[in-house]
Amino acid sequence: MVEPADRPSTAGQRLGAPESFGVSTLEPGLRPPVQPPGRLVSIRVQMLDDTQEVFQISQRSVGKVLFDLVCVHLNLTEGDYFGLEYQDHRKMTLWLDLLKPTMKQIRRPKNTILRFVVKFFPPDHTQLLEELTRYLFALQIKRDLACGRLICNDTSAALMVSHIIQSEIGDFDETQSWQHLLHNKYLPDQDAIRDKITECHRSHVGHTPAESDYQLLEIARRLEMYGVRLHPAKDREGTKLSLAVAHTGVLVFQGYTRINAFNWSKVRKLSFKRKRFLIKLRGDPAQNAHHDTLEFAMASRDCCKIFWKICVEYHAFFRLFEEPKPKPKPILFTRGSSFRFSGRTQKQIIDYVKDTEVKKVPFERKHSKVLSMSPQTSSFRLQVPKESAMSVPVADQPDSARQGHQAVVNGSEVPTVGTSSTNGFHDTATAPGSDPTQPRQNHHGNGGGSAPDAHFLNPESPASDESPAESPQVVVNGNGSVHDNGGPGLGQSPEMRLLSPLTSPLLNDAGCIRNEDEEEARRKKFPTDKAYFIAKELLTTERTYLKDLQVITESFDGLAGKEEAFPDSVLNLISTSYEPVHKFHQGFLKEVEQRLAQWEGRSNAHIKGDYQRIGDILLKNIQGLRQLTVHLQKHSECLVELERACRSNRKAETLCRDFEQQRVCYLPFNIFLLRPLHRLLHYKLILERLCKHYPPTHDDFRDCRAALADISEMVLQLQGAMMKMENFQKLLELRKDLTGIDILAIPGREFIRLGCLSKLSGKGLQQRMFFLFSDSLVYTSRGMTPSNQFKVHGQLLLYGMTIRESEEEWGVPHSFTLFGQRQSVVVAASCASEMERWVEDIRMAIDLAEQSSSTNTDLLTSSLSDNKLSEDGGAELESEEELCGSRSSLERQGHRGNTTVHVCWHRNTSVSMVDFSVAVENQLSGNLLRKFKNSNGWQKLWVVFTNFSLFFYKSHQDEYPLASLPLLGYSVTVPSESENIHKDYVFKLHFKSHVYYFRSESEYTFERWMEVIRSATCSASRTLPSNRKDLY
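Residues numbered from 1 in each chain as written. Predicted model: local features only at pLDDT ≥ 70, side-chain atom pairs only at ≥ 80, totals over all residues. Heavy atoms only, no water.

Novice: Sorry, what's going on with the nonpolar core here?
Specialist: If you look at the biggest cluster of nonpolar residues, it comprises 102 residues, and the most contacted ones within it are Phe 82, Phe 116 and Phe 277. For this core, the element with the highest residue contribution is helix H9 (residues 301-319), accounting for 11 residues. One finds Leu 538, Ala 560, Cys 638 and Ala 652 within the second-largest nonpolar core, a separate group that totals 82 residues. (Core = buried A, V, L, I, M, F, W, Y, C linked by side-chain atoms within 4.5 Å. Buried < 20%, exposed > 50% of the residue type's maximum accessible area, 1.4 Å probe, protein only. Helix = DSSP H or I, 4+ residues; strand = E, 2+ residues; numbered from the N terminus.)

Structure below.
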């Protein structure tokens, strides 16, 4: 080993700093290992600042010794991000293997120059905790730009070069900047954008070199070619491609465009055989798919092995918690490669720097005329510029600064504006004019690191499954403690100084490239227990429920009070019935939010109190809710009195109609009046899932079971009134969609099914909308009224009706004939399943009509009764305008154009009362990431599922939805491998050419969204309870 006196002078020594042996990057806290005896050999290493240093090592020493000497020379703590590369006699670029003897790898050391370069590019530069490390990364970006490896648009290139110049010569001076650009080459085509570079440089006044490095890395990390090293290959068809590896997995490029990506969580095994590089993917359990194997041809076996090795190292560095253990040596035969990653993983580096206060030694910026760091500075976090979280507007902040909702500056935490910490997803930094984007990588929610599977990385061993480990957490923007033992240095922003935000056009061009490890790292902090996600479902649905109550207690009450359209008795009844419930649930929501924040925000919650439970809060509040039963029982009376007031007062009816046109009233207003009764069902289902999940010995099981017993008793007590009110509300809603009917809601009448059937007439099959009630069947067509109501064409009384399948008789698929007392009608369904549902429900309705003691009631007005029942009469005559109008899109419709009736008309489907009842139970809300079929980015939205539709909000705090998606007719599946959606917990909604992808945060929430959406997309074929008629 070289003695200190013989050692070449280090950067610190040249500035007169005290002697420092640094910290070994492979064995934290130790000096470089003692070299084995033997002749010393001189090795030349070229640094990132283009200087060359000579190191003397023993000819028997392994590569680890040389690499440690380089890191000691640089006083580099986070050295594991870097590596030593060289060219062999075949001109192939190789990485120095740290476990093999150096001289066996470098055959001619006198003629070989090793290059110290960045090997592992983290997705977020804030994970680099040392200013020196960020400086070295900035030098690497500078080199990649100069050689044309980092491809980007002119705007991004000019902005990055301007930050490089700012760090080298300081603030803008026109003459100096122009001369500097003339004598230094930063880009291959630098002259073409020289004016743009100087213009960008002009805006960086006051930036220190450390701040310029930070901004340079912030821009570079958003580029698609950031850290990408292309390896030429061909696919099976011979198409020229390039392979690369990143923190997310294996990437495929065609030219400089990424065309595919294989996430580590989807890759089962990487191997190579001769010239063929093989990627074996995991099969999809939901589709019982077999394992897929992708094959790429490379130039030679050596090219395959080189790329396979770097894949092994990238996987281990970013995915594992600790360095993989060496495989035991075989006794007789060897199979496969013994190569493994050697060094600390990224998580080990972050944990070490976080827990160890390493004394900083000033370093020299070779090309910079500006001092970077004060010798008095000792806190390793001081060099992160405050702009990352303090001075940048929310829309323009770096992703990491927005996700953590706090920034660490000068050793203290500075809160920033953000959404609630209970969200599983976090705000996405959105470029103006571009879609918010997705994270690049997704892992399973289960925690715990794992050693690497030998078969995953062994090119010749049998296949086996691998359990991916968690990604390391980001500590700069996390909750870790900060130690500040020194004052602010020159590399840090002065106190309270606001820096200019990143508002350049770069964000438009590169904003769609966003890493997912920032989000993933924070998500990994949260509990993964199923009970936590059940409790979180309680929180998210409670927020939506409280917003629905505010529609009644604030929006409607305020409007009705101003207009004075309703009698005071009706307004007082609504106010006294809903205000106490609203006030109670405000307190309940606050308790749930506090408990979830404690559950997910404290790792030592078991010491300060048992916060990982929800049954005690549910039990307490359900017992309090029992005291409000008297108010809940009045809600049906509110619905009746409101309808009575609207029928007797035209002004009140107009006010209700106008209120339903407001965006805050995203559902028919009567549905909001029934929300408190529906919410009882939600509590019951949530508690049933908790009791099913918990073992009887769990601390929370007793409270959940007691709360379930209480809520079940309340549901049983109010269920009769609830079913009556649901039917009454549905009849009132249908009345608004029909013209030609005076009164639809009469005692004894039940709604059973509505939907599209084709009616056979003299003109052939014509689309009609059918409404099945317990006493009659009404068929209509869509009219041309301003409110898009359906015009009644005829009515068939069910008493004495018979039904017969008639597909062979008429030659029409899925057709059947209805024989009534006065006429017969031939209709056809769109498919066999639709026909089966209609026939089953009509037969049940006929039985109900025959068992009913009430007389048959004619639904139609007198004029319609006289003129509209004849098959050959004018009922079937439609104008061309009406026919065209019936085909107009949902988007062009006016008021009530998005109701269930209209959706069924356009989607040619049907819905039963049973479906409505199931939809009431399956309401859900929460954060999802949405992606369109042809877009690259994922957009975070607050999504509410209710009434067979998805309603989209920016956040749960919004007053009204931005858009809605009716789900009737859609199919919900899991994306296939060919769709290249390499994410976990993604489901796909598809209707004709419309495709949407949604991504949830955990396996439980994924299953819940799939469950509730299937309830809306798959019509129920269940039979109504036999005792329903007894309720009326």
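Novice: Explain a negative patch on the surface to me, please; I cannot follow it from the model alone.
Specialist: A cluster of like negative charges, contributed by Glu 563, Glu 564, Asp 568 and Asp 658, occupies part of the molecular surface. In this fold, Glu 564 is placed in the loop between helix H15 (530-563) and helix H16 (568-601). Look at Glu 564 and you get exposed, because its relative accessible area is 65%. (Patch = residues over 30% accessible without salt bridge, like charges linked within 9 Å, V, L, I, M, F, W, Y side chains within 5 Å. Areas by Shrake-Rupley, 256 points an atom, 1.4 Å probe, with all protein chains shown as cover. Salt bridge = Lys/Arg side-chain N within 4 Å of Asp/Glu carboxyl O. Lys, Arg positive; Asp, Glu negative; His and termini not counted. Charge placed at Lys NZ, Arg CZ, Asp CG, Glu CD.)

Novice: Looking at this structure, I do not really get the pattern of salt bridges. What am I missing?
Specialist: Close approach of charged atoms allows side chains of opposite charge to pair. In total, this model carries 41 salt bridges according to the counting rule given. Notably, a salt bridge pairs Arg 143 with Asp 50, separated by 3.1 Å at the nearest N-O pair. Taken as a pair, Arg 143 in helix H4 (residues 131-146) and Asp 50 in the loop between strand S1 (40-46) and strand S2 (52-58) lie far apart in primary sequence, 93 residues in all. You can call Asp 50 partly exposed: its relative accessible area is 47%. For Lys 988, the salt bridge goes to Glu 979, with nearest N and O atoms at 3.1 Å. Taking the relative accessible area as the measure of exposure, Lys 988 reaches 15% and is therefore buried. Through salt bridges with shared partners, one network takes in Glu 537, Arg 689, Arg 1008 and Glu 1011.

Novice: I tried to follow the sheet that holds strand S24 (residues 924-932) on my own but got confused; where do I start?
Specialist: Strand-to-strand pairing in sheets goes through backbone hydrogen bonds, with the strands running parallel or antiparallel. The seven strands are arranged S27-S26-S25-S24-S30-S29-S28 in an open sheet whose pairing can be described as antiparallel. Pairing within the sheet leaves two strands with one partner each, and these edge strands are strand S27 (963-966) and strand S28 (971-973). Sheet twist, expressed as the average angle between the axes of neighbouring strands with direction ignored, equals 35°. Relative to strand S25 (residues 939-946), S24 runs antiparallel, the two sharing seven bridges. In the strand pairing of S25, Ser 925 is matched with Val 944. (Pairing = 2+ DSSP bridges. Axes fitted to C-alpha atoms, helices over the stretch in contact; angles between N-to-C directions.)

Novice: Looking at this structure, how should I read the packing of aromatic side chains?
Specialist: Applying the stated rule across the entire model yields 35 aromatic pairs. Measuring from centroid to centroid gives 5.5 Å for Tyr 314 and Phe 318, while their planes differ by 35°, and the two rings are tilted. Here Phe 318 and Tyr 314 lie together in helix H9, a separation of four residues that amounts to about one turn. For Tyr 314, a relative accessible area of 3% corresponds to the buried category. Consider the rings of Phe 659 and Phe 669, whose centres lie 5.4 Å apart with planes at 90°: the pair is edge-to-face. Placement of the pair is Phe 659 in helix H21 (residues 650-660) and Phe 669 in helix H22 (residues 669-673), with a sequence separation of 10 residues. Each member of the pair, Phe 659 as well as Phe 669, is classed as buried. Among the aromatic residues, those joined into a ring-pair cluster are Phe 67, Tyr 81, Phe 82, Phe 116, Phe 120, Phe 121, Phe 137, Tyr 226, Tyr 314, Phe 317 and Phe 318. Above the plane of the ring of Phe 916 lies Lys 730, whose end atom (NZ or CZ) is 3.5 Å from the centre. (Phe/Tyr/Trp six-rings, centres within 6.5 Å; stacked < 30°, edge-to-face > 60°. Lys NZ or Arg CZ within 6 Å of the ring centre and 35° of its normal.)

Novice: Looking at this structure, how should I read a nonpolar patch on the surface?
Specialist: Together, Ile 151, Leu 230 and Tyr 256 make up a nonpolar patch on the protein surface, roughly 260 Å² of accessible area in all. The topology assignment puts Tyr 256 in the loop between strand S8 (249-254) and strand S9 (257-263). Taking the relative accessible area as the measure of exposure, Tyr 256 reaches 48% and is therefore partly exposed.

Novice: Just checking my understanding: could you explain the pairing of S8 for this structure?
Specialist: Every other side chain in a regular strand lies on the same face of the sheet, so the side chains alternate between the two faces. Among the six residues in S8, five count as buried, and that is most of the element. Between the antiparallel neighbours strand S7 (residues 240-245) and S8 lie three residues. Sheet analysis places S8 next to S9, joined by six bridges and oriented antiparallel. Across the sheet, the residue bridging to Gln 254 is Thr 257, located in S9. The loop that links S8 with its antiparallel partner S9 comprises two residues; one of these, Gly 255, has a positive phi angle of about 70°.

Novice: Quick question: what am I supposed to make of H9 here?
Specialist: Because each turn of an α-helix spans 3.6 residues, side chains separated by three or four positions end up pointing in the same direction. Look at H9: 26 Å from first C-alpha to last across 19 residues, which is about the 27 Å you get at 1.5 Å a residue. Burial analysis of H9 places 14 of its 19 residues in the buried class, the great majority of the element. (Expected span 1.5 Å × (residues − 1).)

Novice: Can you help me understand the packing of H4 against helix H5 (residues 154-169) in this one?
Specialist: Two quantities define a packed helix pair, namely the angle between the axes and the distance from one axis to the other. Running from N to C, H4 and H5 point in directions that differ by 130°, and their axes come no closer than 11 Å. Our classification of the angle between H4 and H5 gives oblique. Where H4 crosses over H5, the handedness of that crossing is left-handed. The segment H4 lies against H5, with Ile 141, Lys 142 and Leu 145 engaging Met 160, Ile 164 and Glu 168. Of the residues contributing to the contact of H4 with H5, the split by class is four nonpolar, no polar and two charged. (Parallel < 35°, antiparallel > 145°, perpendicular 65-115°, else oblique. Left-handed = near helix turned anticlockwise from the far one by under 90°. Contact = heavy atoms within 4.5 Å. Nonpolar A, V, L, I, M, F, W, Y, C, P; charged D, E, K, R; others polar.)

Novice: How should the side chain of Arg 679 be read in this particular structure?
Specialist: Here Arg 679 lies in helix H23 (residues 675-693). Among the residues examined, Arg 679 registers a relative accessible area of 2% and is labelled buried. Here the side chain of Arg 679 touches Thr 541 through a polar contact of 3.1 Å, side chain to side chain. Residues within four places of Arg 679 in sequence aside, it is in contact with Leu 538, Thr 541, Glu 542 and Tyr 545. (Polar contact = N/O pair within 3.5 Å; in protein donor to acceptor, adjacent residues only side chain to side chain.)

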